[in-house]
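So the chains spell out like this:
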Amino acid sequence: MKLHKIIAALLLATIVYSAKAQNADQPQYKFDQHKVFSPLFYPEHGNEYRTASGAPGVKYWQNRADYKLDITLDTAKHHITGSAQISYTNNSPDGLTFLWLQVDQNIYREDSRGTAVANVAGGRFANRTFTNGDEIKGVYLIKNGKTEKVDYIVADTRMQIKLKDTLHAGGGKLQIKIDYGFEIPEYGTDRMGRQLTKNGWIYEIAQWYPRMEVYDDVTGWNVIPYMGSSEFYLEYGNFDYTITAPSDMVVVGSGELLNPAEVLTPTAINRLTLAKLSDKTLTIRDSTEFGKASSHPAKASLTWHFACKNSRDVSWAASKAFIWDAARINLPSGKKALAQSVYPTEVKGQAAWGRSTEYVKACIELYSSKWYEYTYPVATNVAGIVGGMEYPGIVFCGSQSQGGDLWEVTNHEFGHNWFPMIVGSNERKYAWMDEGFNTFINKVDTKVFNKGEYWQTTDYQKIASDMFNPDADAIMNTPDVIQEDYLGNAAYEKPALGLKILREQILGEERFDFAFQTYIKRWAFKHPTPWDFFHSMDNAAGEDLSWFWNEWFLTTWKLDQGIKAINYQQNDPKQGALITIENLEEMALPVTVAITEENGKTGRITLPAEIWQRGPVWTFPYKSTSKVVIVTLDPDHQLPDINPENNSFSGMPVPAGTTAAAVIKNYFDAVGGADKLRAINDLTILSSGTVQGATINSTSKYKVPNKFTLDIIAPTYNNLVVNHVSINADSVHATQVNQDIPVNDLVRAQLKARYIPFPELDYAKPGYILMLSPTLQVVGSQLAYLVMVTRPDGVRVKNYFDSKTGLKIRQITDSPGSTASEYGDYREVNGGVKIPYDIKTTVLGQPVEFKVSGAVANSGLTDGQFK
């Protein structure tokens, strides 16, 4: 044994020495395996409440809150008045001398903390108008059938009730009664509000009653105020609630309608009965019934009675402008539920909300079969002013959404019925435990919905520069601390990508799915912490993932894996290749390597993240049979590598005698010739693509010599201008989502370098410096010439030209994030010039593939169109 160990050590020393020798001229690596694979990640051991295996302990407890709510909607004043009766059970081991409740309507007061911390530029969670917040008219305790006033204070969005008698530990109970009211804000921080349609107001009502704060074994009372970005943390219980509203309104809410005979006509009841038996969407109320006395019981007002069991919250919506349709949901156990949608006539039809119920039914059935069965009797989608917000059994989605965008928002908001409605994490502190987990299951769901109708593959290399930008926040931060423009990454996309990498690159689908299902089952209707999740996944998957949890969730480390060298055993490719890769940044992840040989043979090698335990350089053998032509790391672009330029290596020299000028001439010849390019006086290009299910349209216009405009618009968001660029000689203006982008001399030069068409015509002018890379580069599966251009203004541009066709297939502009665009499907426009009809780039940090729908040259654009 000792002799074998010595031989093995000598062999290892040889490999290590070789790697170090190859690295002698390289700068210091940021990667430190001791930090990544530290054995001291978990801060504490398990206990009787939460085990080290990630499961609830034998003495796990949580308190309970049951609610009876009775309110009246005054549509003339946009006001709610009513009472809340809360039955609270203290299951904790602690006696309680005071209680804390949430009164979240106070965020809409002008003097609220949420108003004080809102960005002056506005934003999704900023108040647009103010109300008086929660109007507390009386707070009482009910004891032995008697009601007595209690001592309470209101502090911003929290209310403290001081008890005369301690609420006993281990099951002590009390009842609270609160009389209250509030004005319904028109825009309620995109979580509630009201929208005026041609047939009346749509009310989407949430955070509408005083709610118990959570008292848990982690921090005691959880009293972070509601300031907009952070969502909610709530106790579970049963809800019994009534809503009295004008009789011509349709009311929908969390849970089950208990008195349909009192609020619906026999016709509507019959239609609803049929819908509960139908897998196809059936209409319950159509726009033809609006305003007709026969469409509702003959009373001035109606009281709608709902119940929702084992829930953390309830919400509702009401309008006389609602079209209402529904269909049956089939659950794995054989149980049935009801999918339904309510929306105004302005957005009906199969291109928009006419498919909403189909989407609701599909995502509920898919999530139920994959992760955990849906637990509510009804799933309701409401079209209104709220862009997207989730509540148990009911969600609010923007009425303007349609097509893939409506699927995305519906699928996302109903995914929240698993996180955090079933798995009740603390959203106030850990947004990623609901938003990130939900975004992850959304992507799993979308891939299979209707045979992938809305599925799009994502190029994670393209989004890496945005997701891992220099100002990025770590995932493990409270939402109110995370920068507003980074919240989408920190709470949604980055944790979702982390789970995807675990599932596809580290554990495999079978191990990951079992572990994730185990976590959901263990913590259904309970309150897990991040450590409970980490421990549960480790134990159920059978993998110590502490290194991954640390780097992905607690740090802002980046990934940059590259190819360093290709060598051959005894300098003979037929004896096998030795491929050396390196890890330049701080993060470690597995490696997938695609290899193409000169004789056409291809192969793939997968290496675990543990190869980096020995340091930042690793050499592995490959059984080559001829010279290796192309080596590519992460060929499917599934990892967020911030520097994909070093992911490919050809080792093939540029043919002798080839110059940068010759490559440019070949490009001119490939697209029709330099003379025809010079004959283009103006060019208009129309194209479209999708970003996260939403269609975006791009219009670019160019006029010789230096006038250009670009407008990228999202039509389903009221023609929101996502990007605008205008160039008129040295005058450059740019906006992003209606916000001006500061344009200094450098940015001005970068924008001109990126957007002015046919820049190659200027490359022969004085001041331009061209350099041809001595080796062929790899773009996808193509070999390309790389011509590096330094413009007179100092901006550098990398142009990649297909070595076979001569066409430009990639351009990287030296700008923040090293903006890259890839081109394909060249077609001829009038004038005999070929332009790319397929353009892959990024918009707002998201990859998008634009398909050109129309292009015309020399149409006579005037200078006035570029002001």
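Read on for an overview of the structure. Residue positions are counted from 1 within each chain, in the order its sequence is given. Reporting in this predicted model follows two pLDDT cut-offs: at least 70 for local features of residues, and 80 or more for side-chain atom pairs to be given and counted; totals over whole chains, interfaces and linings ignore these cut-offs and use all residues. Side-chain metrics rest on all non-hydrogen atoms present in the structure, leaving aside hydrogens and water.

Regarding the environment of cysteine 397
Helix and strand assignments follow DSSP, with helices taken as H or I runs no shorter than four residues and strands as E runs no shorter than two, numbered in order from the N terminus. Note on placement: cysteine 397 falls in strand β25 (residues 394-398). Its relative accessible area of 0% is what places cysteine 397 among the buried residues. Separated by 236 residues in sequence, cysteine 397 and leucine 633 place their C-alpha atoms 40 Å apart. Dropping the residues within four chain positions of it, cysteine 397 is found in contact with Glu204, Trp353, Asn381, Val382, Ala383, Gly384, Val386, Gly387, Gly388, Val409, Thr410 and Glu413. Relative accessible area decides the class of each residue, using a 1.4 Å probe on protein chains only: under 20% of the type maximum gives buried, over 50% gives exposed, and in between gives partly exposed. The contact rule is simple, with two residues in contact once any of their heavy atoms fall within 4.5 Å.

Let's talk about the sheet that holds strand β26 (residues 561-568)
Taking strand neighbours across the sheet as the criterion, the three strands line up as β26-β27-β30 in an open arrangement whose pairing is antiparallel. Since the sheet does not close on itself, it has two edges, and those belong to β26 and β30 (617-622), each with one partner. Each strand axis lies, on average, 25° off the axis of its neighbour in the sheet, ignoring direction. For two strands to be treated as a pair, DSSP must find no fewer than two bridges joining them. Inspection of the sheet shows β26 paired to strand β27 (residues 577-583) by seven bridges, in the antiparallel sense. Angles here are taken between N-to-C directions and fall from 0 to 180 degrees, while the axes themselves are lines fitted to C-alpha atoms, restricted in helices to the stretch in contact.

Examining the packing of helix α6 (residues 356-370) against helix α8 (residues 435-448)
Look at α6 against α8: their axes get within 10 Å of each other, and the N-to-C directions meet at 115°. Accordingly, the angle class assigned to the pair α6 and α8 is roughly perpendicular. The element α6 and its partner α8 pack so that their crossing is right-handed. Within the contact between the two elements, α6 uses Cys363, Leu366 and Tyr367 and α8 uses Ile441, Asn442, Asp445 and Val448. The residue makeup of the contact of α6 with α8, split by class, is five nonpolar, one polar and one charged. Throughout this description, any angle smaller than 35 degrees is read as roughly parallel, any larger than 145 degrees as roughly antiparallel, any in the 65 to 115 degree range as roughly perpendicular, and the remainder as oblique. Handedness of a crossing is defined here by the sense of rotation of the near helix relative to the far one, left-handed for an anticlockwise turn of less than a right angle and right-handed for a clockwise turn. Each residue receives one of three labels: charged for Asp, Glu, Lys and Arg, nonpolar for Ala, Val, Leu, Ile, Met, Phe, Trp, Tyr, Cys and Pro, and polar for the others, Gly being one of them.

What to know about α6
A helix is expected to span 1.5 Å for every residue after the first. End to end, α6 covers 21 Å across 15 residues, agreeing with the expected 21 Å (1.5 Å per residue, within 8%). Close packing links the buried residues of α6 with β21 (323-330), β22 (336-343), β23 (378-384), α7 (403-415) and α8.

Focus on the pattern of salt bridges
Any carboxyl oxygen of Asp or Glu that lies within 4 Å of a side-chain nitrogen of Lys or Arg is treated as forming a salt bridge with it. Following the criterion strictly, the structure yields 43 salt bridges and no others. Here glutamate 509 ties to arginine 503 by a salt bridge, and the two come within 3.6 Å at their closest N and O atoms. The class for glutamate 509 is partly exposed, based on a relative accessible area of 44%. According to the relative accessible area criterion, arginine 503 is buried, its value standing at 7%. Through salt bridges with shared partners, one network takes in Asp104, Arg211, Asp313 and Arg428.

Points about the nonpolar core
We define a nonpolar core as any set of buried Ala, Val, Leu, Ile, Met, Phe, Trp, Tyr and Cys residues linked to one another through side-chain atoms lying within 4.5 Å. The biggest cluster of nonpolar side chains holds 186 residues, and the ones touching the most others in it are Leu99, Trp208, Phe516 and Phe533. It is helix α10 (residues 487-506) that contributes the most residues to this core, nine residues altogether. One finds Ile664, Ala674, Tyr763 and Leu807 within the second-largest nonpolar core, a separate group that totals 54 residues.

Examining unusual backbone geometry
Each neighbour pair has its own omega, and for phenylalanine 419 with proline 420 the value is 15°, a cis peptide bond. With respect to the secondary-structure elements, proline 420 resides in the loop between α7 and α8. The amide bond that connects valine 704 to the next residue, proline 705, takes the cis arrangement and shows omega of 5°. Take proline 705: it is sitting in the loop between β34 (694-703) and β35 (707-714). With a phi close to 50°, glutamine 207 is a non-glycine residue in the positive phi region. With respect to the secondary-structure elements, glutamine 207 resides in the loop between β11 (200-205) and β12 (211-212). At asparagine 858, a position not held by glycine, the phi torsion is positive, near 55°. Among the residues examined, asparagine 858 registers a relative accessible area of 37% and is labelled partly exposed.

Topic: the environment of valine 214
When you line up the elements, valine 214 lands in the loop between β12 and β13 (215-216). Residue class for valine 214 comes out buried when judged on its relative accessible area of 0%. Excluding residues within four positions of it along the chain, valine 214 makes contact with Gly220, Trp221, Asn222, Tyr233, Leu234, Glu235 and His527.

What to know about the pairing of strand β36 (residues 720-728)
As paired elements, β35 and β36 share eight bridges and run antiparallel to each other. Residue isoleucine 713 lies in a different strand from β36, and its bridge partner there is valine 721. Counting the residues between successive antiparallel strands, the hairpin from β35 to β36 contains five residues, one of them, asparagine 718, with a positive phi of roughly 55°. Between β36 and strand β37 (residues 731-736), which follow one another and run antiparallel, lie two residues, and alanine 729 among them has a positive phi close to 60°.

Let's talk about the sheet that holds strand β19 (residues 301-311)
With respect to topology, eight strands assemble into an open sheet ordered β5-β4-β8-β2-β1-β15-β19-β17, the strand pairing being mixed. Strands at the two margins of the open sheet, each flanked by one partner only, are β5 (146-149) and β17 (256-257). Examined bridge by bridge, strand β1 (residues 64-74) and strand β2 (residues 79-90) share eleven bridges and lie antiparallel to one another. By the bridge assignment for β2, tyrosine 67 is matched with isoleucine 86.

Quick look at the packing of aromatic side chains
Note on ring pairs: Phe, Tyr and Trp rings are taken, using the six-membered ring of Trp, and paired if centres are within 6.5 Å. Classes follow the plane angle, with under 30 degrees stacked, over 60 edge-to-face and the rest tilted. Applying the stated criterion across every chain, the model contains 59 aromatic pairs. With a centroid separation of 5.2 Å and 70° between ring planes, the pair formed by tyrosine 67 and tyrosine 209 is classed as edge-to-face. You can see tyrosine 67 sitting in strand β1 and its partner tyrosine 209 sitting in the loop between β11 and β12, a full 142 residues away along the chain. Given a relative accessible area of 5%, tyrosine 67 falls into the buried group. Each ring, one from tyrosine 67 and one from phenylalanine 239, has its centre 4.7 Å from the other, and the planes form 10°; the classification is stacked. Here tyrosine 67, found in strand β1, pairs with phenylalanine 239, found in strand β15 (residues 237-246); they are 172 residues apart in sequence, far enough to count as distant. Like phenylalanine 239, tyrosine 67 is buried. We count a charge as sitting over a ring when the NZ of a lysine or the CZ of an arginine lies within 6 Å of the ring centre and within 35 degrees of the ring normal. Stacked on the ring of tyrosine 800, the Lys or Arg arginine 810 has its end atom at 5.2 Å from the ring centre.

A few points about the side chain of asparagine 417
Along the chain, the position of asparagine 417 falls in the loop between α7 and α8. Owing to a relative accessible area of 0%, asparagine 417 belongs among the buried residues under this scheme. Aside from chain neighbours lying at most four places away, what touches asparagine 417 is Tyr374, Tyr376, Tyr391, Pro392, Gly393, Val395 and Ile422.

Shape descriptors only; they carry no functional weight alone.
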